[in-house]
Amino acid sequence: MLKFQVYDQGKIAPDWPLRNAHLVGSDHSAMRADITFSDGAIQCQKREIGPAALALQQPVGECGELTIQTTLLPDRVEPYLLSLEQARHRLMLIYNKLEEWGLFDLADDHPVSKRVERAKKLFIEAVCLAPTNPVKADRMANDCLVASIDASEELSLAHAELLLTRRRVTGQLPKTPIGCGVALDSGADRVRAALLANFDFLYLPMPWRTLAPGEDAYKWEQTDAWIDWAGRAKMPVMAGPVVSFDPAVLPDWVFMWEHDFETVRDLLFEHIERVVGRYRNTVSVWNVVSGLHVNSHFTFSFDQLMELTRMSTMLVRKLQPNAKVLVEIREPFGEYYASNPRSIPPLMYADLLVQSGVQFDGFAVKLLCGQPVSGQYTRDLMQISHLMDQFTGYNKTLHVTLGAPSEPVTNLMIAAPSAETMVDDNSGHWRKPWSQLVQSRWLEAVMNVAMSKPYVESVAWQDFVDHPDCELPLCGLVSEDLQPKAAFKRLVGFRRMLTSKVTATPASSGNGAATGQNVAANSTGDEGRGSAVAVVVLRAGDAD
């Protein structure tokens, strides 16, 4: 068993919310465990052997309220100090990334170096105090944790600035990098004009429930209208997911066969054949299957899920050989695996697809945050950057879909909430509670991180206009009355920066640090081009 002592305001905590609490194993996959709070300690009774780390959501000072984790720890009777192990993990992650990214030569006066040095001193003091004065050690460890998360985000942004500049200078940016999703029923002329003027491609949803509300009763009108418009406007289209087991998009009549694998496989085959066959002359990128690895509503086995994925990608390849075929990873941090034995951890699923020779071109990763449902609890920029780095070795392109709300999302805003989702309205926040300003800063920071990765082919925002059926409420760039939010203006500025000419030469690792400093120095302007803007301005106390 793992135990973690927690303190609150200098005393043993009488209570501790276990939001998004789960264990993580040495392979980065969630572990099954019973996690409870009792007598001032978090107790984790594992159902598997081996060391484990505890991840849970909690406030972390000016960094916001985030899901963070401890280091991997062996079982022991004596409880660990939670804050100390969380700080230890974050410092370890920073040093690992400094080595992986080749940034050990950062100048001593760089913001990252200063914050890392301060965090290291606080950690050493906390370790020395822990045996004799755990209360003071907890306070020092919490200060260390805030400083180290701050430093890790600054490091992620400085590294993103370096790599993004390099991609721009060397002409390695994709031709159509920035896209946006739409609702099928939001085809107003103003919306279409804004999409055409400000985005490189259209991300068109293909919800099975909407296309086929009844068996053999397809309704193509809304989708046809968008496809016809995109064809006339010569706007590239990424479509999908064509198949998803998410109850929000799966027709009710399909659930009749939830225990009959052969019938479901045949239904999927027929559906994909109809959709791809109809739109193959316009769609250039197909997001074929989404989230089969989560498998939270069917009783299919591991092998059956892999067979469905293989069959779906091969069929699209046969119907449209020149199209790009994507497999979407939902809930990419994999918390779901801790409670669902029929599911597959996201990285294991990705690895199995590659190793088994499934025919596809890239991964689509859906990264939504700010809603109190599984997979959408808030993470910091370093965790997001590290997640994307984990897809490096697959030799596949990465297509990222992002979303964050412009206001705090509550259970009342969730469409058809289930008993599982209505647990806790608090899904965390980045730096400050979600607002239009925070949404815009988060968008800019994460887009910088994503587009700096050499293997990222495109980044799409989840929804252009707020609408009642949004997968993530209030995540649109434009409100329901078609008023642009701050995030829309910031995204337009980011895309303009990507397409602007660069005359500087790519910097070395050391010069990359100077680039980060220049960005931070110029961070008070709204149109600052550096990704460090997001952290620095919010830390300086922008209005909500």
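Residues numbered from 1 in each chain as written. Predicted model: local features only at pLDDT ≥ 70, side-chain atom pairs only at ≥ 80, totals over all residues. Heavy atoms only, no water.

Thoughts on the packing of aromatic side chains
Thinking step 1. Within this structure, the stated rule accounts for 19 aromatic pairs.
Thinking step 2. Their ring planes at 10 degrees and their centres at 6.3 Å tell us that Phe 199 and Phe 488 sit as a pair that is stacked. Of this pair, Phe 199 sits in the loop between helix H4 (189-198) and strand S12 (201-204) while Phe 488 sits in helix H12 (residues 486-499); the two residues are 289 residues apart in sequence, bridging distant segments of the chain.
Thinking step 3. Judged by its relative accessible area of 11%, Phe 488 falls in the buried class. (Phe/Tyr/Trp six-rings, centres within 6.5 Å; stacked < 30°, edge-to-face > 60°. Helix = DSSP H or I, 4+ residues; strand = E, 2+ residues; numbered from the N terminus. Buried < 20%, exposed > 50% of the residue type's maximum accessible area, 1.4 Å probe, protein only.)

A look at the pairing of S12
Thinking step 1. Burial along S12 is two-sided: Phe 201 and Tyr 203 and Leu 202 and Leu 204, pointing in opposite directions, are all buried.
Thinking step 2. Summarising the sheet, strand S11 (residues 178-181) and S12 pair through three bridges and their orientation is parallel. Residue pairing in the sheet places Gly 179 in a bridge with Phe 201 of S12.
Thinking step 3. As for the winding sense of the linkage, the β-α-β connection from S11 through H4 to S12 is right-handed.
Thinking step 4. Relative to strand S13 (residues 237-239), S12 runs parallel, the two sharing three bridges. Bridging across to S13, Tyr 203 finds its partner in Met 238. (Pairing = 2+ DSSP bridges. Right-handed = clockwise from strand over helix to strand, strands pointing away.)

Here we look at the sheet that holds strand S19 (residues 429-430)
Thinking step 1. With antiparallel pairing, the five strands of this open sheet are ordered in space as S5-S4-S8-S9-S19. Two strands lie at the open edges of the sheet, namely strand S5 (30-31) and S19, each paired on one side alone.
Thinking step 2. In the sheet, strand S8 (residues 53-59) pairs with strand S9 (residues 64-69) via five bridges, with the strands oriented antiparallel. Residue Gln 57 lies in a different strand from S9, and its bridge partner there is Thr 67.

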